[in-house]
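# Results of the structural survey
Here is what each chain is made of, one letter per residue.
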Amino acid sequence: MFPATVYASDMPEIDSGATAWMLTSVALVLLMIPGLAMFYGGLVRTKNVLGTMMHSFAAMGIMTVLWVICGYAMAFGPNVLGGWFGWSWDYFMLAGIDETIMDAGIPEYVFSMFQAKFAIITPALIAGAFAERVSFKAYCFFIALWGTLIYNPLCHWVWASDGFLFNLGAKGAIDFAGGTVVHISAGVSGLVVAIFLGGRKSFPHLPMRPNNLVMTMIGAGLLWVGWFGFNAGSSISSGLSTAQALTATQIAAAAGALAWIIIEGTHQGKATALGFVSGVLAGLVAITPAAGVVKPVGAMALGILASGFCYMAILLKNRLGYDDTLDAFGIHGIGGIVGAILLTFFIRESWMAEAADAAGSWTLIQQLGVQALAVLIAISYAAFGTWVILIVLNKIVPIRSSAEAEMRGLDNSYHGERGYGMTNPN
Amino acid sequence: MKLLIAIIRENQLDQVREALIDAGISRITTSHVSGHGRSKTEEIYRGQVVVPNLVPNIRLEIAVNDDFVETTCNAILNATTAHDGGLVGSGKIFITPLEQCIRLRTGERGPEAI
């Protein structure tokens, strides 16, 4: 009577528990983007607060539209062009998934929107590296190109069932929720853009203080909350693996934060608020690739190691003198690399046993090789691709703000507004 | 001794400060003030163009000995005109005589205390 009913009966049934959790996760990951806007927005100078927050918000608009048009098809369609990315006309404008239920028991719309949030937050993370000196128009073009040409292929390689990193080694390169795809690619690309654009005017000889650390703290809090969707949602289920990822996430964030203020307190004498939230982020970034495979001890170790490495990376940055303004590379790049490589030493035994079953035998060293290769591929692809995009784009739209616009501030120059009105009598 | 009060654009504080430091003047006081000069700064909120009648500015107060007055004024002038694009409303410098100056820590008075 209803052809659609016959069609639907071939499909897996909806698992309402999993679907409910995935819907929640979609909302949680979306919450991270305003969280990131507040985190970054509080760290820049007053004249750039809105421009910086707009970097995150603009990504929500641009990347969502692109995701529907081509992102989902490129990331999760079957291999084309030798596996460079995927493509499926079914996914163009999401036209073919209107009634699809996935094997995991969730509507494909939910999965597609969940993944869309990752495509939004990754370019928004990059913006931290070149804050306070980029033209808004060029930024919009940059993230559109970057998302299409760098993010989508990387996402395809790591997470699509026919991606080559997904099938590397016995059980694939481990990247549970985006250590390579999101954090390493964003951090490395940010570093490339920061070096390409050069430092801000008056950097580093004039001190540039954060305009509102309170906002930064709230933003970091939202990121931490949202990260449960990011990591625990990446199990694409609502069960044991969700609980494992959620627990690892909480532990790594807390361990990272504590490690940071202890290191900082010992080294500089004071435990700063910004240090605490930097540690939270370092821990969360490091646990992102690992959340599905490590036990609490491993999560704690990764959080502590990430804070140690990121702290040193930021000290080194100050020595080297490049202007990675909000430490997109120092936290996301380094934290992601630490997590993706060192997670090998904390993989739970059952995972190694499954890998050994699949391949005959499998050792930690072999998995370490797979992880290192995946990291290396992500670094080189992101760095090289970003450099090419910058060179081409810069010929069409100058990426760096004019000296005048940079001095007036992004808020006034590109948006015609100001962030705070409280200091004016009217 | 003279007291210089300069009202400048908010966004020019950095370069004025750099120019002053280059000229050897590092002891300054700044504050956020609002005021109305000849400038018309447009801001846009949801498509509405708004011209605030009081716009934020920066007020610098610099106490100097007489032979530094010109150096200080020139530093501020050069820094503000260099990047202004001929816009109206760059600000002003007021110069007033300064009767006395006392350093709190030591109690020194006069030109030595500046």
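Rules of the game
- Sequence positions are assigned chain by chain, starting from 1 and proceeding in written order.
- Written order determines the labels here, with chains lettered from A and ligands numbered from 1.
- Per-residue local features are limited, in this predicted model, to residues with pLDDT of at least 70; the limit for side-chain atom pairs, both in listing and counting, is 80 or more; totals at the level of whole chains, interfaces and linings are taken over all residues.
- Every helix listed is a DSSP run of H or I at least four residues long, and every strand listed is a run of E at least two residues long, numbered separately from the N terminus.
- With C-beta atoms placed from the backbone, a residue counts as buried when 20 or more other C-beta atoms lie within 10 Å of its own, as exposed when 12 or fewer do, and as partly exposed for counts between those limits.
- Here, residues touch in the contact sense if the C-beta positions derived from the backbone fall within 7 Å of one another.
- Just to be clear, the radius of gyration here is over C-alpha atoms, and the globule rule we use is 2.2 Å times residues to the power 0.38.
- By the convention used here, strands pair only if DSSP detects at least 2 bridges between them.
- Angular values range over 0 to 180 degrees, each being the angle between N-to-C directions of two axes fitted as lines to C-alpha atoms, with helices fitted over their stretch in contact.
- Helix crossings fall into two classes, left-handed where the near helix is turned counterclockwise from the far one by less than a right angle and right-handed where it is turned clockwise.
- Under the scheme applied, nonpolar residues are Ala, Val, Leu, Ile, Met, Phe, Trp, Tyr, Cys and Pro; charged residues are Asp, Glu, Lys and Arg; polar residues are all the others, including Gly.
- When buried Ala, Val, Leu, Ile, Met, Phe, Trp, Tyr and Cys residues are joined through C-beta atoms within 7 Å, the set is termed a nonpolar core.
- Scored from 0 to 100, pLDDT reflects the predictor's confidence in each residue.
- Relative orientations are named as follows: roughly parallel for angles under 35 degrees, roughly antiparallel for angles over 145 degrees, roughly perpendicular for angles from 65 to 115 degrees, and oblique for any other angle.

Next up on the list: the overall build of chain B. Helices and strands together make up the secondary structure of chain B, namely two helices and six strands. In terms of principal-axis extent, the alpha carbons of chain B reach across some 55 × 25 × 20 Å. Counting across all 114 residues of chain B, residues that qualify as buried make up 18%. Across chain B, every contact between residues at least 6 apart in sequence was considered, and the portion connecting residues at least 24 apart equals 72%.

Let us look at the overall build of chain A. For chain A, the helix and strand inventory stands at 15 helices and two strands. Relative to the 2.2 N^0.38 estimate, which gives 22 Å for 426 residues, the radius of gyration of chain A is 21 Å and therefore close to what a compact globule would have. In terms of principal-axis extent, the alpha carbons of chain A reach across some 70 × 50 × 40 Å. In chain A, which comprises 426 residues, the share counted as buried stands at 54%. Here the analysis covers contacts within chain A between residues at least 6 apart in sequence; of these, 79% occur between residues at least 24 apart.

All names here are of chain B. Strand order in this open sheet of four strands is S2-S5-S1-S6, and the pairing throughout is antiparallel. Where the open sheet ends on each side, the last strands, each with one partner, are strand S2 (29–35) and strand S6 (91–97). Adjacent strand axes in the sheet meet at a mean angle of 25 degrees, parallel and antiparallel pairs treated alike.

Another point: the packing of helix H5 (residues 136–159) of chain A against helix H6 (residues 179–197) of chain A. Relative orientation and spacing of two packed helices are given, respectively, by the angle between their axes and the distance between those axes. All names here are of chain A. Running from N to C, H5 and H6 point in directions that differ by 145 degrees, and their axes come no closer than 10 Å. Regarding H5 and H6, the two cross each other, and that crossing is right-handed. Packed against H5, whose contacting residues are Trp146, Ile150, Tyr151, Leu154, Cys155, Val158 and Trp159, the element H6 presents Thr180, Val181, Ser185 and Ser189 at the interface.

The next subject is the interface of chain B and chain A. With 16 residues of chain B at the interface, the matching set in chain A holds 14 residues. When contributions to the side of chain B that touches chain A are tallied by element, the ones reaching two or more residues are helix H1 (13–22), S2 and strand S3 (43–45) of chain B. Split into classes, the residues belonging to the side of chain B that touches chain A amount to five nonpolar, seven polar and four charged.

Leu36(A), Ala252(A) and Leu302(A) are the most contacted members of the largest nonpolar core, which has 138 residues in total. If we ignore the near neighbours within four places in the chain, the residues touching Ala252(A) are Gly283(A), Leu284(A), Ala286(A), Ile287(A), Ala299(A), Met300(A), Leu302(A) and Gly303(A). Listed in part, the twelve residues of the second largest apolar core include Ala6(B), Val16(B), Ala19(B) and Ala79(B).

Residues and elements named next belong to chain B. In this model, chain B carries an average pLDDT of 86, and 95% of its residues clear a pLDDT of 70 or more. Confidence scores differ between elements of chain B, with S3 showing the lowest mean pLDDT of 76 and S6 the highest of 94. Predicted complex, confidence summary: ipTM 0.72, pTM 0.89.

On to unusual backbone geometry. Residue and element names in this part refer to chain A. Of note, the bond from phenylalanine 203 into proline 204 is cis; its omega dihedral lies within 30 degrees of zero at -5 degrees. With respect to the helices and strands, proline 204 occurs in the loop between H6 and helix H7 (213–232). Despite not being glycine, leucine 81 has its phi angle at roughly 50 degrees, a positive value. With respect to the element layout, leucine 81 can be found in the loop between strand S1 (79–80) and strand S2 (85–86). Positive phi outside glycine occurs at leucine 94, with the angle close to 50 degrees. Of note, leucine 94 is situated in the loop between S2 and helix H4 (108–126).

On to the confidence of the model for chain A. Per-residue pLDDT for chain A has a mean of 92; in total, 97% of the residues score no lower than 70. Counting interchain partners and residues more than four positions distant, the pLDDT-below-50 stretch residues 1–6 of chain A has one contact.

This paragraph deals with the pairing of strand S5 (residues 55–64) of chain B. All names here are of chain B. Note: strand S1 (residues 2–9) against S5, eight bridges, orientation antiparallel. Looking across to S5, one finds that isoleucine 7 is bridged to arginine 59. Bridge count between S2 and S5: seven bridges; the pairing is antiparallel. Within S5, the position partnered with glycine 35 by the bridge is valine 55.

The subject of this paragraph is the environment of Gly190(A). Residues and elements named next belong to chain A. Assignment of secondary structure puts glycine 190 in helix H6. What makes glycine 190 buried here is the crowd of 29 C-beta atoms within 10 Å. Separated by 132 residues in sequence, glycine 190 and tyrosine 322 have C-alpha atoms that sit 12 Å apart. The residues touching glycine 190, leaving out its near neighbours within four places in the chain, are Ile126, Gly128, Ala129, Phe130, Asp324, Ala328 and Phe329.

We now examine the environment of Ala186(A). Residues and elements named next belong to chain A. Within the fold, alanine 186 resides in helix H6. Accessibility expressed as a C-beta count within 10 Å gives 30 for alanine 186, which makes it buried. Setting aside residues up to four positions removed in sequence, alanine 186 forms contacts with Thr122, Leu125, Ile126, Ala328 and His332.

With that settled, consider the environment of Gly37(B). Residues and elements named next belong to chain B. Mapping glycine 37 onto the fold places it in the loop between S2 and S3. Residue class for glycine 37 comes out partly exposed when judged on the 13 C-beta atoms lying within 10 Å of it. Considered as a pair, glycine 37 and lysine 92 are 55 residues apart in the sequence and their alpha carbons are 9.5 Å apart.

Moving on to the packing of H7(A) against helix H9 (residues 273–290) of chain A. Residue and element names in this part refer to chain A. Two elements in contact, H7 and H9, have axes whose closest approach is 10 Å; the angle formed by their N-to-C orientations is 20 degrees. The angle between the axes of H7 and H9 places the two elements in the roughly parallel class. Crossing handedness for the pair H7 and H9: left-handed. Here Leu213, Thr216, Met217, Ala220, Leu223, Trp224, Trp227 and Asn231 of H7 come into contact with H9, specifically with Ala273, Leu274, Val277, Val280, Leu281, Leu284, Ile287 and Thr288. Across the contact of H7 with H9, the residue classes break down as 13 nonpolar, three polar and no charged.

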